[in-house]
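Inside the fold
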Amino acid sequence: AQSVTQPDIHITVSEGASLELRCNYSYGATPYLFWYVQSPGQGLQLLLKYFSGDTLVQGIKGFEAEFKRSQSSFNLRKPSVHWSDAAEYFCAVGATNAGKSTFGDGTTLTVKP
Amino acid sequence: DTGVSQNPRHKITKRGQNVTFRCDPISEHNRLYWYRQTLGQGPEFLTYFQNEAQLEKSRLLSDRFSAERPKGSFSTLEIQRTEQGDSAMYLCASSRRRGTNSYNEQFFGPGTRLTVL
């Protein structure tokens, strides 16, 4: 069975500081991996995805993530956080034939001025 | 792409009533998914369709829940005899085939927030 763990429930960073959100997954084969962002009361917006190839993937809004198979991790990073990045972030794993995706419970990001 | 749309955006109902939600996927996306999200949790998979065929249902989808996608376009999710525990955000997503047996990422709609009093 596939599963996702996001160890940090809540993270606070200062505006302009760097950010790393952790994601660990469990999946029996090569997974599809995703990061989504959700603002209050809204649906999910895809930030980036990993299907295959280069393990460092670039996404929208200046985010990037690195797939590390040996660590079963897919951590999200941003070098300089903006106040508008405050939101909830979800990591997800899916199969290549893309039935369901399994989501972590999310990390809430607060940005201090 | 006009995006995935869901209606209504909010629904308040009394316990025991039936409710129906609609999802319109991105055109030409042949897979459509339903998820449920409660406060403080990530979305949980409920069911998905490939065209009009329902390919998988989660154990979360009790007998009171039914989903249809009759013409392979829009989908409806009905909850009969609602319970307070059904209060949640119901999210719809769609995706498009890439290659022989793989699919692109899922694009999500804004969700329908259900409150059962």
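This section reports on the structure supplied with the text. What you are looking at is a predicted structure, and each value in this text was computed from that prediction instead of being measured. (Residues numbered from 1 in each chain as written. Chains lettered and ligands numbered in written order. Predicted model: local features only at pLDDT ≥ 70, side-chain atom pairs only at ≥ 80, totals over all residues. Heavy atoms only, no water.)

1. Here's the deal with the nonpolar core
We apply this condition: Buried Ala, Val, Leu, Ile, Met, Phe, Trp, Tyr and Cys residues form a nonpolar core when they are joined through side-chain atoms within 4.5 Å. Burial classification: accessible surface area is computed with a 1.4 Å probe over protein chains only, and a residue below 20% of its type maximum counts as buried, one above 50% as exposed, and the rest as partly exposed. Helix and strand assignments follow DSSP, with helices taken as H or I runs no shorter than four residues and strands as E runs no shorter than two, numbered in order from the N terminus. Contact criterion: two residues are considered in contact whenever any of their non-hydrogen atoms come within 4.5 Å of each other.
Leu19, Trp35, Leu47, Leu48, Phe74, Leu76 and Tyr89 of chain A are the most contacted members of the largest nonpolar core, which totals 26 residues. For this core, the elements supplying multiple residues, two or more each, are β2 (10–14), β3 (19–21), β5 (32–38), β6 (44–50), β8 (64–68), β9 (73–78), β10 (87–94) and β12 (107–112) of chain A. The dominant element in this core, judged by the number of residues it contributes, is β10 of chain A, at four residues. Not counting the four nearest positions on each side in its chain, Leu19 of chain A is found in contact with Ile11, Val13, Phe63, Leu76, Arg77, Lys78, Val81 and Leu109 of chain A. Cys23, Trp34, Leu46 and Ala88 of chain B belong to the second largest nonpolar core, which has 19 residues in total.

2. Remarks on the pattern of salt bridges
This is how it is decided: Salt bridge, as used here, is a side-chain nitrogen of Lys or Arg placed within 4 Å of a carboxyl oxygen of Asp or Glu.
Under the counting rule described, the total for this entry stands at eight salt bridges over all chains. The closest approach of N and O atoms between Arg77 of chain A and Glu64 of chain A, which form a salt bridge, is 3.2 Å. Of the two residues, Arg77 of chain A is situated in strand β9 and Glu64 of chain A in strand β8; the sequence distance between them amounts to 13 residues. For Asp24 of chain B, the salt bridge is made with Arg22 of chain B, and the minimal N-O distance between the two is 2.8 Å. Of the residues examined, Asp24 of chain B reaches a relative accessible area of 22% and is grouped as partly exposed. Residues joined in a network through salt bridges with shared partners are Glu64, Glu66 and Arg77 of chain A.

3. Regarding the pairing of strand β3 (residues 19–24) of chain B
Side-chain direction in a regular strand flips from residue to residue, so the side chains alternate between the two faces of the sheet. Residues and elements named next belong to chain B. Just so we agree on the cut-off: Any two strands with at least two DSSP-identified bridges between them are counted as paired.
Alternating positions in β3 separate cleanly, Val19, Phe21 and Cys23 being buried on one face and Thr20, Arg22 and Asp24 remaining unburied on the opposite face. Bridging between strand β1 (residues 5–7) and β3 involves three bridges; their strand directions are antiparallel. Its bridge partner lying in β3, Ser5 is registered against Asp24. The pairing of β3 with strand β8 (residues 75–79) spans five bridges and is antiparallel. For Arg22, the partnering residue across the bridge sits in β8 and is Thr76.

4. Description of the side chain of Ser95 of chain B
Residues and elements named next belong to chain B. Quick reminder of the rule: Polar contact is defined as a pair of N or O atoms within 3.5 Å, subject to the rule that within protein one atom must be able to donate a hydrogen and the other to accept it, and that residues adjacent in sequence are counted only when both atoms are side-chain atoms.
With respect to the element layout, Ser95 can be found in strand β9 (residues 88–95). Taking relative accessible area as the criterion, Ser95 reaches 0% and is therefore assigned buried. Polar side-chain contacts of Ser95 include one of 2.9 Å to the side chain of Tyr33.

5. Quick notes on the sheet that holds β8 of chain B
Hydrogen bonds between backbone groups are what pair the strands of a sheet, and the pairing can be parallel or antiparallel. All names here are of chain B. The criterion, for reference: In this analysis an axis means a line fitted to C-alpha atoms, helices contributing only their contacting stretch, and an angle means the value between N-to-C directions, from 0 to 180 degrees.
With antiparallel pairing, four strands are arranged side by side in an open sheet as β1-β3-β8-β7. On the outer flanks of this sheet lie β1 and β7 (65–68), each paired with one strand and no other. Averaged over all adjacent pairs, the angle separating strand axes in this sheet is 15°, with direction ignored. Taken together, the four bridges between β7 and β8 define a ladder with antiparallel strand orientation. Bridge pairing in β8 places Glu68 opposite Thr76.

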